[in-house]
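# A closer look at the structure
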Amino acid sequence: MNQRPENHENATVVPEVMTDQNREMKRDRFVFSKRRFQQIWYELSEMTTIKQVTQAISEPGLELMALGLLLIWCLSPIFMVIASIVNPQDDPFTILLELDLFSSNWATLLQILGNLGLIIGIIAGIKNHYEEGLFRPLLSKALVYCLSLMLIWSLFSTALAINPSLAFFGDPYRREGLLTYFAYAGIFSSAIMIKNKKRLRLLLASFGTGSLIVSIHYLVNWRPELYGSNYFGIFLQFNHTAYYFLFAIFINLTLYLTSGRERRLEQWLWLLAYCAAVSSLLINNSFGPFLAAVGGMILAITFRAKQALPDQKRRLIVAALIFLMISFVFNVMLKGVSRDTAIFVQDIAKITSGDATAETAGTGRWLLWTTGFELALERPLIGYGPDGLGQAMVEHGVTYNDRPHNEFIYFAASLGFPALLFYILGLIAHLRNFLVVRKELDWLVIGLFCTVGAYLVNSLFSNTMFYTYPFFVLFLGLTYAQVKYHQA
């Protein structure tokens, strides 16, 4: 009976002492923070030049902020999956309307992340200018300069476009006006700052995780009685879905090949993600991305890392055999690959022989290509402006598409031949720099190059879109950072 009051009194004394100590600690931290803030403010007030301000900003800090922005973008497809699950629809038309609404949020996210990334990139560029000089080394920076010139040229193209408002804001469907081009530049600017290999792998792992979720959602919800081979998943068109799975195949392949031998569970995870992406692409039945995937596998085998371990070589063989096996199985089930291959050969014969029906080749792509090239010749210097080909295509008799389904022709027709030249020269210079240091690169970088190479093959048959093209500029920027790091 007598012990309880004593224990109660002790219990009340201890918290009072601890509270006093906490107050003193908080007061000390406040004083320290205040002094630190005053010191920082004094240092800033003493800075009189841009050079001093940019040098005070740490490069690791900028890289960390860039990583955060890119992680959000890589994981953004998961939000679309969640949105489609929370708002289930059975009718394909209603699903498409819902996706269009959600996609507007996706486009807004791109603008936010891209603009923040552009600010970070400008600060990093100024720092780099003072540390390395503007043009030294020129060739290693050729990709950045060429893409910058392409962006600057798009300003002229927008200002002199037939419909400047459309060129600035973009079409309501594609949302690829000048504003989106600056967002692309921000994604690229953030990507070229990721030099740390652990952070690079974290970024790729976030994309791989997202792609696995997207692939599972796609495979579970594919219903041939409703969609046939045209199921679009979380995207607005089934071809766009195939572009995403093309990225997923090679990023997951890269993660699978670079997982340590002691991390068996991680290996199985990325192999599962790779198989899911390949299966999704085959079910999607978009032939251009499938050809690009075959091209990417050839690149992976041709440019395999010289310092690869025997286990990595075996895994590459396993991955190639899995790709062939899944292709064979789905071809037996759906007859898509064999049918499209036969049509592809027939279309080439039509074009080379001058057949009267050649314009139908490639499901109408040959007519789109020739029309796009005609438009490029009509305004060879500044083009029709970003996203500005729709009306011109209609006036030339093409009513079923507003793009030439070839990104190189599209850049020429919308931005002018100078912009296309800058783009091609930048890619050529980047390939040259890659070949110079190729023997020093590991599978992580080789895999990224295969991803970029596969998309460039696909770009001969595809269109840019605000939710797929950022992944290309992201991976392109990551390869640039790694190659430049090895050239230093």
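Owing to the predicted nature of the structure, the values given are computational and were not obtained by experimental measurement.

Secondary structure assignment for the chain yields 20 helices and zero strands. Buried positions account for 50% of the 488 residues belonging to the chain.

Once that is clear, we can look at the environment of Tyr-455. Looking at the element boundaries, Tyr-455 is found in helix 19 (residues 443–458). For Tyr-455, a relative accessible area of 0% translates into the label buried. For the pair Tyr-455 and Ala-293, spaced 162 residues apart in sequence, the C-alpha to C-alpha distance is 8.4 Å.

Quick look at the confidence of the model for the chain now. Per-residue pLDDT for the chain has a mean of 86; in total, 84% of the residues score no lower than 70. For the stretch residues 1–17, pLDDT sits under 50, and the model shows zero contacts to residues farther than four places along the chain or on other chains.

All right, on to unusual backbone geometry then. Of note, the phi angle at Asn-285 is positive, near 65°, even though the residue is not glycine. Position of Asn-285 among the secondary structure elements: in the loop between helix 11 (264–284) and helix 12 (287–302). Look at Asn-285 and you get buried, because its relative accessible area is 17%.

So, on to the packing of aromatic side chains. Counted under the stated rule, the structure contains 38 aromatic pairs. Pairing Phe-188 with Tyr-480 gives two aromatic rings, centres 6.4 Å apart and planes at 45°, and the pair type is tilted. Of the two residues, Phe-188 sits in helix 7 (residues 178–191) while Tyr-480 sits in helix 20 (residues 469–487), which places them 292 residues apart along the sequence. Taken as a pair, Phe-188 and Tyr-480 share a single burial class, namely buried. Between the aromatic rings of Trp-369 and Phe-461, the centroid separation amounts to 6.2 Å while the plane-to-plane angle is 40°, which identifies the pairing as tilted. Placement of the pair is Trp-369 in helix 15 (residues 365–378) and Phe-461 in the loop between helix 19 and helix 20, with a sequence separation of 92 residues. Owing to a relative accessible area of 18%, Phe-461 belongs among the buried residues under this scheme. A cation over a ring is seen here: Arg-315 above Tyr-256, with NZ or CZ 5.8 Å from the ring centre. When the ring centre of Tyr-410 is taken as origin, the NZ or CZ atom of Arg-403, which lies over that ring, is 3.9 Å away.

For helix 14 (residues 336–353), built from 18 residues, the straight-helix expectation of 26 Å at 1.5 Å per residue is met to within 8% by its first-to-last C-alpha distance of 26 Å. Among the residues of helix 14, those classed as buried are Gly-336, Val-337, Asp-340 and Asp-347. End-on view of helix 14: buried residues confined to an arc of 85°, all on one side of the axis. Of the residues in helix 14, the exposed ones pointing more than 90 degrees away from the buried face are Val-345, Thr-352 and Ser-353. Where helix 14 is buried, its residues touch helix 11, helix 12 and helix 13 (310–334). Of the residues flanking the end of helix 14, it is Gly-354, one or two places downstream, whose phi is positive at about 70°.

Now for the nonpolar core. In this structure, Tyr-274, Leu-474, Phe-475 and Leu-478 are the most contacted members of the largest nonpolar core, which totals 134 residues. With 13 residues, the single largest contributor to this core is helix 10 (residues 238–258). Beyond its immediate chain neighbours, meaning those up to four positions away, Tyr-274 contacts Ile-249, Asn-252, Leu-253, Met-297, Ala-319, Ala-320, Ile-322 and Phe-323.

For the rest of this paragraph, the subject is the pattern of salt bridges. Within this structure, the stated rule accounts for ten salt bridges. Of the charged contacts in the structure, one is a salt bridge between Asp-402 and Arg-174, with a shortest N-O distance of 2.9 Å. Taken together, the residues Asp-402 in the loop between helix 16 (390–395) and helix 17 (407–415) and Arg-174 in the loop between helix 6 (164–169) and helix 7 connect sequence positions 228 residues apart.

We now examine the packing of helix 12 against helix 13. Between two packed helices, what matters for the description is the angle formed by their axes and the separation of those axes. Remark: helix 12 packs on helix 13, axes separated minimally by 11 Å, with the N-to-C direction vectors making an angle of 160°. Classified by the angle between their axes, helix 12 and helix 13 sit roughly antiparallel to one another. Here helix 12 runs over helix 13; the crossing is left-handed. Counted together, Phe-290, Ala-293, Val-294, Met-297, Ala-300 and Ile-301 of helix 12 and Leu-316, Ala-319, Ala-320, Phe-323 and Ser-327 of helix 13 form the full contact between these two elements.

The next point concerns the packing of helix 5 (residues 142–159) against helix 7. For the pair helix 5 and helix 7, interaxial distance at closest approach is 10 Å and the crossing angle is 165°. Considered as vectors, helix 5 and helix 7 are oriented roughly antiparallel to each other. Remark: the crossing between helix 5 and helix 7 carries left-handed chirality. Packed against helix 5, whose contacting residues are Leu-143, Val-144, Leu-147, Leu-151, Ser-154, Leu-155 and Thr-158, the element helix 7 presents Leu-178, Tyr-181, Phe-182, Ala-185 and Phe-188 at the interface. Here the contact of helix 5 with helix 7 is built from residues that sort into ten nonpolar, two polar and no charged.

Rules and cut-offs
Residues numbered from 1 in each chain as written. Predicted model: local features only at pLDDT ≥ 70, side-chain atom pairs only at ≥ 80, totals over all residues. Heavy atoms only, no water. Helix = DSSP H or I, 4+ residues; strand = E, 2+ residues; numbered from the N terminus. Buried < 20%, exposed > 50% of the residue type's maximum accessible area, 1.4 Å probe, protein only. pLDDT = per-residue confidence, 0-100. Contact = heavy atoms within 4.5 Å. Phe/Tyr/Trp six-rings, centres within 6.5 Å; stacked < 30°, edge-to-face > 60°. Lys NZ or Arg CZ within 6 Å of the ring centre and 35° of its normal. Expected span 1.5 Å × (residues − 1). Arc of directions from axis to C-beta. Core = buried A, V, L, I, M, F, W, Y, C linked by side-chain atoms within 4.5 Å. Salt bridge = Lys/Arg side-chain N within 4 Å of Asp/Glu carboxyl O. Axes fitted to C-alpha atoms, helices over the stretch in contact; angles between N-to-C directions. Parallel < 35°, antiparallel > 145°, perpendicular 65-115°, else oblique. Left-handed = near helix turned anticlockwise from the far one by under 90°. Nonpolar A, V, L, I, M, F, W, Y, C, P; charged D, E, K, R; others polar.

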